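Structure at a glance
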Amino acid sequence: IELPDLVGFDDILTDCLSVILERHGATLERSDEVHRALVGIVLEGGGLPELVVEVTRLIDGFVIVTTPDGRILAKAGESALAPDSAFDATGRLIVEHQRYGAQEVHYEDGASAFVAAAPIVAAQGEQGRIAVFGIRALTPIDVTILERSATVAALALTKRQAIAAVESKYQGDFLRDLLAGRAGGAEHTLPYSKALGWD
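Below, the structure is looked at part by part.

1. A closer look at the overall build of the protein
When you go through the protein residue by residue, the secondary structure sums to 4 helices and 5 strands. The order of α-helices and β-strands along the protein, N terminus first, is α-α-β-β-β-β-β-α-α. Oriented by its inertia axes, the alpha-carbon framework of the protein measures out at about 95 × 40 × 25 Å. Within the protein, the fraction of its 199 residues that count as buried is 36%. Partitioning the contacts of the protein with sequence separation of at least 6, the portion at a separation of at least 24 is 48%.

Right, dumping it as structure tokens:
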């Protein structure tokens, strides 16, 4: 690169770094805005269904949350963006075809798709993944949004597991009381059973 005599190399570096920092700042600002919106969903009582709908709004595509082995827990968006060959006969996402981050996946049947995925990690380890099948090549900003979504999905899954544990405890206590004859008469046990979802 040849520079004119009156142009200082420091001036060029300053201008380049300014552009880079401006873009990086915009990315961080957008990421923070997305994170606040997604956390708000969980704090307002929403779960995975509401989360994937919001992610679909942020990243135009088909969004799914799966278990670590690919069973779908929630989905939203245009399912036609995901080729049939991305799923097995049971509807499980074939996670072996994907790695985390953004990529274009080419399947054995000749189909291809723009896909981005991020792990959903909680204290107990990996709880699943969130993936988006896009209508275009997915950008680093899309991947950042997906990673923020994965953090919020971990909150939603942890909340769901905690509720299930409490419900399981109440069910176990009621069943023990019922078998021990301490649950009361039919006028008490039948409504309680119905509240637990039991016939």
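Moving on from the coordinates now.
2. Here we look at the environment of alanine 123
Residue placement: alanine 123 occurs in the loop between β4 (112-122) and β5 (125-134). Between the C-alpha atom of alanine 123 and that of histidine 106, which follows or precedes it by 17 residues, the distance is 34 Å.

3. Side note on the pairing of strand β3 (residues 101-106)
Of the two faces of β3, the one lined by Gly101, Gln103 and Val105 is fully buried and the one lined by Ala102, Glu104 and His106 carries no buried residue. Here β3 pairs with β4 via 6 bridges, running antiparallel. Bridge pairing links alanine 102 to alanine 116 in β4. The loop that links β3 with its antiparallel partner β4 comprises 5 residues; one of these, glycine 110, has a positive phi angle of about 95 degrees.

4. Observations concerning the sheet that holds strand β1 (residues 61-66)
Spatial ordering of the open sheet is given by β2-β1-β5-β4-β3, a layout of 5 strands whose pairing is antiparallel. The open sheet has two edge strands, β2 (72-76) and β3, and neither has a second partner. Put simply, the sheet's adjacent strands are angled 25 degrees from each other on average, direction ignored. The strands that helix α2 (residues 48-58) touches are β1, β2 and β5; relative to β2, the one it contacts most, it runs at about 40 degrees. The strands touched by helix α3 (residues 140-180) within the sheet are β2, β3, β4 and β5, with β4 carrying the most contacts at an inclination of about 45 degrees.

5. Regarding the packing of α3 against helix α4 (residues 186-195)
Between α3 and α4, the least distance of the axes is 12 Å, while the angle of their chain directions is 155 degrees. Comparing their axes, α4 and α3 come out roughly antiparallel. For the pair α3 and α4, the sense of crossing is left-handed. Residues Tyr170, Phe174 and Leu178 of α3 touch α4, and the partners they reach there are Thr189, Tyr192 and Ser193. Looking at side-chain class alone, the contact of α3 with α4 contains 4 nonpolar, 2 polar and no charged residues.

6. Quick look at α3
Over its 41 residues, α3 extends 59 Å from the first C-alpha to the last, a length consistent with the 60 Å expected when each residue adds 1.5 Å. The set of residues buried in α3 consists of Asp142, Val143, Ile145, Leu146, Ser149, Ala150, Val152, Ala153, Ala154, Ala156, Leu157 and Phe174. Once α3 finishes, glycine 181 follows within two positions and takes phi at roughly 80 degrees, a positive value.

Procedures and definitions
Residues numbered from 1 in each chain as written. Predicted model: local features only at pLDDT ≥ 70, side-chain atom pairs only at ≥ 80, totals over all residues. Heavy atoms only, no water. Helix = DSSP H or I, 4+ residues; strand = E, 2+ residues; numbered from the N terminus. Buried < 20%, exposed > 50% of the residue type's maximum accessible area, 1.4 Å probe, protein only. Contact = heavy atoms within 4.5 Å. Pairing = 2+ DSSP bridges. Axes fitted to C-alpha atoms, helices over the stretch in contact; angles between N-to-C directions. Parallel < 35°, antiparallel > 145°, perpendicular 65-115°, else oblique. Left-handed = near helix turned anticlockwise from the far one by under 90°. Nonpolar A, V, L, I, M, F, W, Y, C, P; charged D, E, K, R; others polar. Expected span 1.5 Å × (residues − 1).

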